[in-house]
Amino acid sequence: MNSRNSLRARSLRAALLAGAASTMAVAAMPVMAQDATVAAQEKVEEEAIIVTGIRETIQNSINTKREETAIVDALSSDDIGDIPAISVGQAIQTITGATTHREKGDASEIALRGLGPFLSNSTFNGRDATNGSGDRSVNFNQFPSELVNNIKIYKTQQASLVEGGVAGTIEIGTLRPLDFGKRRLQGELKAQYNPYGDRITGREGGVGWRGTLSYVDQFANDTIGIAIGVQRNDTNNPEETYAASSTWTACQAAPVVANNNCDEYTRAEYGQNRAFYLVPNAYTFRQISETDKRDAIFGAIQWQPSDTIDVNLDVQYSDRTFVESRRDLNISEGRFGLTNVVFDENGIIQSLNGLSSLESNGSELSRSEEYLGGGLSVAWQPTDRLTVTLDGSYSRTIRTELERNVRLRTDPFDVNNVRNFFSVTGNGFTSSNMRVPYTYSIAPGSFVPTITIDPRFDLNNHNLFWDDARFRRDESKRRNEIYAGRFDAAYEMDGFLKALSAGVRWSHLTYRDYDIRNGDFNLNPAMTEDRRINNLCRQAFPQTSYLSAAEGNSIHSWATFDVDCLFREYMGTEDPGLPAEIRSVANRDVTERTLAGYVMAEYGGDLGSMPVRGNFGVRVVKTDVTSNGLRSDLSIVNNPDGSIRLVASSDFDTVTIKSGSTRILPSVNAIFEVAPNMLLRAAAYRAMSRPNPSALGAGRTIVLEDGTSFSSVEDAIRNITANGSPRLKPLMSWNGDLAVEWYPNKDSLLSATVYYKQFTGGFQPVVFNEDFTIDGQSVSIPVTQTRNSSDKSRVYGLELTAATRFSFLPKPLDGLGAKVSYNYANSNFETQDIRLGDVYDPETDTVSSGIIPPAGLSGYSKHVLSAQAYYDIGPVSLQAIYNYRSSYFQDFVGGNSQLRFVAPSETFDFRASINLMQGVSLRFEALNIFNEPKATYMPVYGSSRQYHYYGAKYFVGIRARI
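Chemist: Give me the lowdown on the overall build of the chain, citing residues and values where you can.
Modeler: Tallying secondary structure elements over the chain gives 9 helices and 48 strands in all. Within the chain, the fraction of its 962 residues that count as buried is 58%. Of the contacts formed within the chain by residues at least 6 apart in sequence, a portion of 75% connects residues at least 24 apart. For the chain, the accessible area works out to roughly 37,500 Å², and carbon and sulfur atoms hold 55% of it.

So, in structure tokens, the structure goes:
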């Protein structure tokens, strides 16, 4: 998968799949060009046939796109549970211009038009929704696709959207029971199989399940309707990965100090044009066994006591918990003893020799994420022309994560007090050396580095991992909450102006988090006790064929231990619990208040003989941010040997930073019906995207060097960074779109859109000197955070969509159809690396150059392709989906981290269903069939940082409707 030949094979496969999809689209042109007589015949035939399945979904999507005033792409179904996907995220990536970032093999973050998720706005039933990631995107994994009925993506903005987003707005909706108009009881049960699960010892062979039950009905002469849906998901997502740490250093190429950390190329030296290479602090091989459970409940009540009042109450609840057992082999000293370093002109390592202590680490991690949201909407029509709507909503997400971690390290002696080979005098190492030689190399064109441990060291020998036992208990909690209210009024008019609408929106968002470590507990009992526990808590490696798909990987197992046993035997408890003090300088406490209003007019008429319609309006959005952060002193503790260590005091001061902005956002949309089946659209608008709530924190992250013995304060502090920038302002853009759309028939669409976005302000590191009190003395330490720069940048792009059914083919081949969408984007936006990139000096008002190139927009991909082929006729429905996304920069949530790039990704999924009898169907889905991994690079593209393998997933189920 990762050799040069394999990469060529993947590229060839991508080209063939894309070419096949394009060929299908071209072959569809004769269908689109049928004369009016044939089209009329088809229309008569279609009216006599009830269209269902994938064909119905595509027809609904085409019709929605045609009827909307803004430039919109959609995925919708008239029936509950007919969105053709396992998750909402996977459904969205079949929509033109949308693509996803995959985690654990499933679609998570959504990028529109090759632009990252922070540039998009996501709503659920028209309301902002919280999540546990600290950003503003909806956690699409929380919502089962079986309980969602429509997904709209607004590519252009209109004033009534109020918030909007630079890239677009994603709107997820559930059905309204009276509008549904029929009684329906539906149940679906699916079994999941993951081949990687068969590799996990002591587990259930990769088998899981999900069950969905929904009920819709109407009462009281169709004035009251109810809808309720529940789902239980119990699956597993095993994963195997290699990763370097998230902090990378530029090491000077000379001089080389064989038995020390490499000399860092400091920012003060960047102008000297020295040769350097990029290395992480550590390398980790990780094996993950996981269980994933989710319970979801969706409910809605609709009441229409009269023709003039429509009341809707909807509630969504989701509780997801996954538990991971992690077993790590950690090469903990990535900068130590580096020799024979070969690197290219970008500082990317090609090969080196190094020395490092080795660690067998074990973790038990659990994450619980609970979502509760809903709202009450009342629409009143006091006259035939006036409609007034009042909406109140609430959304809350609480994510709690607990990880218990144990480290066992190598030593010059094994646990039986026998010298190891690498500590013997004459072997090139001193008798006190605990470090093992290793080599690192990576083949050109590969993302999998080969790390080879000296073969004299047996990685699977438990006796060699026992020293410096360290125990950590990390607990983090994120709470995101939104209260919101909205008032809208719309008045219908005669003449060219068809309607006038206005409204106001108020929201109150809070985001709070803490990340508390109860540790580090460094235990050094008598060797006899270490020996007893080592033998008691040994564990067989939990997986077979570890990273066998990663060609070039040479490490397939190592000695592992039972985490619960180690905690119990060393510490007397499996869980030491939270410390008494959970306050920390790294905590975030952000409050954001938003007040917005809009006025919009809709128009329609004839321009000569050509119908024209659209809207124009303006939004005004006022935002106020209050961010509270804690500050505390550091104390020096003197060790008996004369060295020191630093500890944080328990005395805290609160620092409050306030910021605000007011933005005016005009917009205009115009549609020209240049022919009965052809539309020309034009749009111009100003848009904004707010910083993530977690990026507005006022706290500080103080990273101390690993260890407890240092000669000076400077040696003990690795770095201090801001964990947010409360003064960050929204990213603004002026935008223009021009689209042409052709609708030959209900199944066919050919559209092309060109768009342009000009940004005012980018993101740039800035360094402020801040005073910290250390052992009673004030010490000035530079702290890096992010600011809005004055730079201007732009994005322009092209978006193409072709869809058709091959109705000209003889039966039964006339059930074949295809949809292809492609997006090209070009951007010169710059995001600088926080450590190695350009930095702004506020005292001199100058920018000093960094040593590595910047990244673009977070989430920006130049190429995005989605191709679908389907067969839908009679009882059989088949669908194959191919997705491709070119490389992109992905920011870490919370910001102020180094650059991370994701390699190009391609996935191939397949879905099938067959109706066994009326109301009963058998369904099958396969995801990531070719086991495509996810690969990332840091801090420059091509410098391998991490790769994940999680295998394919298969689902088979049965659905019954009454």
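That shown, we press on.
Chemist: Tell me what's going on with a nonpolar patch on the surface, and back it up with residues and numbers.
Modeler: Nonpolar side chains collect at one region of the surface, where Phe219, Ile224, Ile301, Trp303, Leu313, Val315, Leu376, Val378, Leu390, Phe487 and Val504 lie side by side and expose about 900 Å² of accessible area between them. Elements supplying a minimum of two residues to the nonpolar patch: strand 14 (283-306), strand 15 (309-331) and strand 18 (358-380). In this fold, valine 378 is placed in strand 18.

Chemist: Pulling in residues and values, what's your account of the environment of asparagine 769?
Modeler: For asparagine 769, the position within the fold is in strand 34 (residues 763-774). On the basis of relative accessible area, asparagine 769 is assigned to the exposed category, the value being 53%.

Chemist: Any chance you could break down the state of the cysteines for me, citing the residues and the numbers?
Modeler: Under the definition given, this model contains 2 disulfides. Here cysteine 251 pairs with cysteine 262 through a disulfide, and the sulfurs are 1.9 Å apart. Separated by 11 residues along the polypeptide, cysteine 251 in strand 12 (residues 248-252) and cysteine 262 in the loop between strand 12 and strand 13 (276-280) bring together distant segments of the chain. In this model cysteine 537 forms its disulfide with cysteine 565; the gap between the sulfur atoms is 1.9 Å. As the torsion about the S-S bond is roughly -70 degrees, the cysteine 537-cysteine 565 disulfide counts as left-handed. Of this pair, cysteine 537 sits in the loop between helix 7 (527-536) and strand 24 (538-539) while cysteine 565 sits in helix 8 (residues 563-571); the two residues are 28 residues apart in sequence, bridging distant segments of the chain. Sequence-ordered numbering of the bonded cysteines in the chain gives a pairing of 1-2, 3-4.

Chemist: Residue-level account of the sheet that holds strand 6 (residues 150-154), with values.
Modeler: Ordered by their spatial adjacency, 5 strands build an open sheet running 1-6-7-4-5, and the pairing between neighbours is mixed. Unpaired on one side and paired on the other, strand 1 (72-76) and strand 5 (127-128) mark the two borders of the sheet. Examined bridge by bridge, strand 4 (residues 120-124) and strand 7 (residues 168-173) share 5 bridges and lie parallel to one another. From the neighbouring strand, asparagine 121 faces strand 7, where its bridge partner is threonine 169. Helix-sheet contacts for helix 4 (residues 53-67) involve strand 1 and strand 6, and the interaxial angle to strand 1 is about 150 degrees.

Chemist: Could you give me a rundown of the sheet that holds strand 21 (residues 450-453), with the residues and numbers involved?
Modeler: If you walk across this open sheet you meet the 4 strands as 16-17-20-21, and the pairing is antiparallel. For this open sheet the edge positions go to strand 16 (339-343) and strand 21, each flanked by a neighbour on one side alone. Shown here is a sheet whose adjacent strand axes are inclined to one another by a mean of 20 degrees, direction ignored. Two elements, strand 17 (residues 349-356) and strand 20 (residues 436-441), share 6 bridges in a ladder whose sense is antiparallel. Bridging across to strand 20, serine 351 finds its partner in serine 441.

Chemist: A description of the packing of aromatic side chains should follow, citing residues and the corresponding values.
Modeler: Scanning the entire structure with this criterion turns up 26 aromatic pairs. Seen in terms of ring centroids, tyrosine 277 and phenylalanine 343 are 5.5 Å apart; in terms of plane orientation they differ by 45 degrees. Their pairing is tilted. Separated by 66 residues along the polypeptide, tyrosine 277 in strand 13 and phenylalanine 343 in strand 16 bring together distant segments of the chain. With a relative accessible area of 2%, tyrosine 277 lands in the buried category. Classification of phenylalanine 343 as partly exposed rests on a relative accessible area of 27%. Arginine 404 extends its terminal NZ or CZ atom over the ring of phenylalanine 567, reaching a point 5.4 Å from the ring centre. Looking at arginine 885, its charged tip hangs above the ring of tyrosine 888, at a distance of 3.5 Å from the centre.

Chemist: Please set out the pairing of strand 36 (residues 792-805) residue by residue, giving values where relevant.
Modeler: Inspection of the sheet shows strand 33 (residues 749-760) paired to strand 36 by 12 bridges, in the antiparallel sense. When the bridges of strand 36 are listed, threonine 760 appears paired with lysine 792. Judged from the 11 bridges that link them, strand 36 and strand 37 (residues 816-827) form a sheet pairing that is antiparallel. Residue pairing across strands places threonine 801 opposite serine 821, the latter belonging to strand 37.

Chemist: Residues and numbers for unusual backbone geometry, please.
Modeler: Residue lysine 811 is joined to proline 812 through a cis peptide bond whose omega torsion reads 0 degrees. For proline 812, the location among the structural elements is in the loop between strand 36 and strand 37. Notably, asparagine 417 is not glycine yet its phi reads approximately 65 degrees, a positive angle. Mapped onto the elements of the fold, asparagine 417 is located in the loop between strand 19 (386-409) and strand 20. In this structure, asparagine 928 is a non-glycine residue whose phi angle is positive, near 50 degrees. Here asparagine 928 lies in the loop between strand 45 (920-927) and strand 46 (934-937).

Chemist: Break down empty space enclosed by the protein for me, citing the residues and quoting the values.
Modeler: A complete count under the given rule lists 13 cavities of 30 Å³ or more for this structure. Volume-wise, the second largest cavity comes out at about 240 Å³. Mapped onto the lining of the second largest cavity, the elements with two or more residues apiece are strand 4, strand 22 (467-492), strand 23 (497-523), strand 26 (588-607) and strand 29 (678-689). Here the residues of the lining of the second largest cavity are counted per class, giving 6 nonpolar, 10 polar and 7 charged.

Chemist: Which residues make up helix 4, and what values do they have?
Modeler: Residues spaced three or four apart along an α-helix face the same direction, because each turn holds 3.6 residues. Over its 15 residues, helix 4 runs 21 Å from end to end, which matches the ideal 21 Å to within 8%, given 1.5 Å per residue. Looking only at helix 4, the buried set comprises Ile54, Arg55, Glu56, Thr57, Ile58, Gln59, Asn60, Ser61, Ile62, Thr64 and Lys65.

Chemist: Hey, could you go over helix 8 for me, with residue numbers and the actual values?
Modeler: Those residues of helix 8 that fall on the buried side of the exposure criterion are Val563, Cys565, Leu566, Phe567 and Tyr570. If you check the start of helix 8, you find a side-chain oxygen 3.0 Å away from the backbone N of aspartate 564, and it comes from aspartate 562. Glycine 572 sits one or two positions beyond helix 8 and adopts a positive phi of about 80 degrees.

Chemist: Quick rundown of the packing of helix 7 against helix 8? Include the residues and the values.
Modeler: In contact at an axis separation of 10 Å, helix 7 and helix 8 are set at 155 degrees when each is read in the N-to-C sense. Taken as axis vectors, helix 7 and helix 8 run roughly antiparallel relative to one another. The element helix 7 and its partner helix 8 pack so that their crossing is right-handed. Each of Asp530, Arg532, Ile533 and Leu536 in helix 7 lies in contact with helix 8, whose residues at this interface are Cys565, Leu566, Glu569 and Tyr570. Looking at the contact of helix 7 with helix 8 residue by residue, the classes come out as 5 nonpolar, no polar and 3 charged.

Chemist: An account of the pairing of strand 48 (residues 953-961) is requested, with residue identities and associated values reported.
Modeler: Both faces of the sheet carry side chains from a regular strand, because those side chains alternate between them. As paired strands, strand 8 (residues 184-193) and strand 48 are joined by 8 bridges and run antiparallel to one another. When the bridges of strand 48 are listed, glycine 187 appears paired with alanine 960. Pairing between strand 45 and strand 48: 8 bridges, direction antiparallel. Within strand 48, the residue paired with leucine 927 across the bridge is lysine 953.

Chemist: Lay out the pattern of salt bridges with the relevant residues and their values.
Modeler: This structure, assessed with the given rule, holds 50 salt bridges. A salt bridge links lysine 190 to glutamate 188, with the nearest nitrogen and oxygen atoms 3.6 Å apart. There is no split in this pair, since lysine 190 and glutamate 188 are both buried. For the salt bridge of glutamate 359 with arginine 409, the shortest nitrogen-to-oxygen distance reads 3.0 Å. A residue pair is termed long-range when its members are at least 10 positions apart, and glutamate 359 in strand 18 and arginine 409 in strand 19 qualify at 50 residues.

Chemist: Give a description of the side chain of lysine 819 that names residues and reports values.
Modeler: Mapped onto the fold, lysine 819 is located in strand 37. One buried charged residue, lysine 819, remains without a salt bridge, the closest side chain of opposite sign being aspartate 73 at 5.7 Å. Leave out the neighbours within four places in its chain, and lysine 819 touches Thr94, Ile95, Thr96, Thr801, Ala802, Ala803, Ser866, Ala867 and Gln868.

Chemist: Hey, could you go over the nonpolar core for me, with residue numbers and the actual values?
Modeler: Counting residues in hydrophobic clusters, the biggest one holds 69 residues, and the most contacted among them are Phe285, Ile453 and Phe465. Apart from residues no more than four positions distant in its own chain, phenylalanine 465 is found in contact with Leu329, Leu358, Glu359, Ser360, Leu408, Arg409, Thr410, Phe457, Leu459, Asn534, Ala559 and Phe561. Listed in part, the 46 residues of the second largest apolar core include Leu119, Phe140, Leu509 and Ala683.

Chemist: Mind laying out the environment of leucine 386, listing which residues take part and the relevant values?
Modeler: You can see leucine 386 is positioned in strand 19. Taking the C-alpha atoms as reference points, leucine 386 and alanine 490, separated by 104 residues in sequence, lie 5.8 Å from one another. Beyond its immediate chain neighbours, meaning those up to four positions away, leucine 386 contacts Trp380, Gln381, Ala490 and Tyr491.

Conventions used here
- Each chain has its residues counted from 1, running along the sequence as written.
- Only residues with pLDDT of 70 or above have their local features reported here, since the model is predicted, and side-chain atom pairs are shown and tallied only from 80 upward, although totals for entire chains, interfaces and linings are computed over all residues.
- To obtain the side-chain values, all non-hydrogen atoms of the structure were included, while hydrogens and water were left out.
- Runs of E in the DSSP output that reach at least two residues are strands. Runs of H or I that reach at least four are helices, and both are numbered from the N terminus.
- Residue burial is assigned from relative accessible area. The probe radius is 1.4 Å, only protein chains are included, and a residue is buried under 20% of its type maximum, exposed over 50%, and partly exposed in between.
- Working rule for contacts: check all heavy atoms of both residues, and any pair within 4.5 Å makes them a contact.
- Note on areas: Shrake-Rupley, 1.4 Å probe, and residue coverage restricted to the protein chains presented here.
- Patches here: salt-bridge-free residues with over 30% relative accessible area, like charges joined within 9 Å, nonpolar side chains (Val, Leu, Ile, Met, Phe, Trp, Tyr) joined within 5 Å.
- In the sections that follow, a salt bridge refers to a side-chain nitrogen of Lys or Arg positioned within 4 Å of a carboxyl oxygen of Asp or Glu.
- Sulfur atoms of two cysteines make up a disulfide when they are within 2.5 Å.
- Only strands joined by at least two bridges in the DSSP assignment are considered to pair.
- Note on method: axes are straight lines fitted to C-alpha atoms, helices fitted across the in-contact stretch only, with angles between N-to-C directions ranging 0 to 180 degrees.
- Ring geometry is summarised as follows: Phe, Tyr and Trp rings, the Trp one being its six-membered ring, pair when their centres sit within 6.5 Å, and such pairs are stacked at plane angles under 30 degrees, edge-to-face over 60 and tilted between the two.
- Whether a charge sits over a ring comes down to the Lys NZ or Arg CZ being within 6 Å of the ring centre and within 35 degrees of the ring normal.
- Throughout, the protein atoms alone are placed on a 1 Å grid, and a set of points is a cavity if a 1.4 Å probe fits but cannot get out or a pocket if it is open with protein on both sides within 12 Å along at least five of seven lines; lining residues have an atom within 4 Å of a point.
- Grid points are joined across faces, edges and corners, and a volume is the space filled by probe spheres set on the points.
- When residue character is reported, Ala, Val, Leu, Ile, Met, Phe, Trp, Tyr, Cys and Pro are called nonpolar, Asp, Glu, Lys and Arg charged, and the others, Gly included, polar.
- A helix is expected to reach a length of 1.5 Å times the quantity of its residues less one.
- By the criterion applied in these results, polar contacts are pairs of N or O atoms within 3.5 Å in which, for protein atoms, one can donate a hydrogen and the other can accept it, and in which residues neighboring in sequence qualify only through two side-chain atoms.
- Angles are sorted into four bins: roughly parallel if under 35 degrees, roughly antiparallel if over 145, roughly perpendicular if 65 to 115, and oblique for all others.
- Here a crossing is called left-handed whenever its near helix is offset anticlockwise from the far helix by less than a right angle, and right-handed whenever the offset is clockwise.
- In summary, the charge assignment counts Lys and Arg as positive and Asp and Glu as negative, without counting His or the chain termini.
- Buried Ala, Val, Leu, Ile, Met, Phe, Trp, Tyr and Cys residues that are joined via side-chain atoms within 4.5 Å together make up what is termed a nonpolar core.

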